[in-house]
Amino acid sequence: MKRTAPRSTLRKIIKMHNPQLRLAANADLLVHLSFLLFLHRLADEARTNAFENKSKIIKPEHTIAAAKVILKKSRG
């Protein structure tokens with residue numbers, strides 16, 4: 001699998017936000033997977049918004065609205 005960031009960079013970013021964490025060897029893979037799942041969910045929500053607005057193209061406002069829905073669901 002091609003990585004977008006080196007493992008050490010991901011580990012440094014994670015440690016910077018939460019220094020007391022102990023990271024497993026495959027933590028970067030889990031971060032990558034989580035990112036891909038988020039993008040998939042965002043694309044699905046944006047597609048739904050475009051369909052509801054009878055648009056054949058996913059526009060930026062559909063994606064922004066989808067991000068707000070995802071943020072709202074993750075908080076509540």
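Our structure is the block above this text.
Residues numbered from 1 in each chain as written. Predicted model: local features only at pLDDT ≥ 70, side-chain atom pairs only at ≥ 80, totals over all residues. Heavy atoms only, no water.

(A) The packing of helix 2 (residues 27–52) against helix 3 (residues 60–75), seen in detail. The interhelical angle for the contact between helix 2 and helix 3, taken along N-to-C directions, is 120°, at an axis separation of 8 Å. On the basis of their axis angle, the class for helix 2 and helix 3 is oblique. The two elements helix 2 and helix 3 meet at a crossing, and its hand is right-handed. Side by side, helix 2 and helix 3 meet where F38, R41, L42, E45, A46, N49 and A50 of the first sit next to H62, T63, A65, A66, A67, V69, I70 and K73 of the second. (Axes fitted to C-alpha atoms, helices over the stretch in contact; angles between N-to-C directions. Helix = DSSP H or I, 4+ residues; strand = E, 2+ residues; numbered from the N terminus. Parallel < 35°, antiparallel > 145°, perpendicular 65-115°, else oblique. Left-handed = near helix turned anticlockwise from the far one by under 90°. Contact = heavy atoms within 4.5 Å.)

(B) Broad picture of the pattern of salt bridges. Scanning the entire structure with this criterion turns up two salt bridges. The salt bridge involving R47 is made with D44; its shortest N-O contact spans 3.3 Å. With R47 and D44 both in helix 2 and three residues apart, the pair spans about one turn of that helix. The partly exposed category is assigned to D44, whose relative accessible area is 28%. Note that E45 is salt-bridged to K73, the shortest N-O span being 3.4 Å. With a gap of 28 residues between them, E45 in helix 2 and K73 in helix 3 connect regions that are remote in the sequence. (Salt bridge = Lys/Arg side-chain N within 4 Å of Asp/Glu carboxyl O. Buried < 20%, exposed > 50% of the residue type's maximum accessible area, 1.4 Å probe, protein only.)

(C) Representation of the side chain of N49. Residue position: N49 is located in helix 2. Once residues within four sequence positions are removed from consideration, N49 is found in contact with H62, A65 and A66.

(D) Quick peek at the environment of A67. With respect to the helices and strands, the residue A67 is situated in helix 3. For the pair A67 and E45, spaced 22 residues apart in sequence, the C-alpha separation works out to 8.0 Å.

(E) Up close: unusual backbone geometry. In this structure, K54 is a non-glycine residue whose phi angle is positive, near 55°. The residue K54 is located in the loop between helix 2 and helix 3 in this model.

(F) Geometry of the environment of I14. When you line up the elements, I14 lands in helix 1 (residues 7–17). Along the chain, I14 and V31 lie 17 residues apart, while their C-alpha atoms are 9.4 Å from each other. Dropping the residues within four chain positions of it, I14 is found in contact with L21, L23 and V31.

Coordinates in, geometry out; function isn't part of it.
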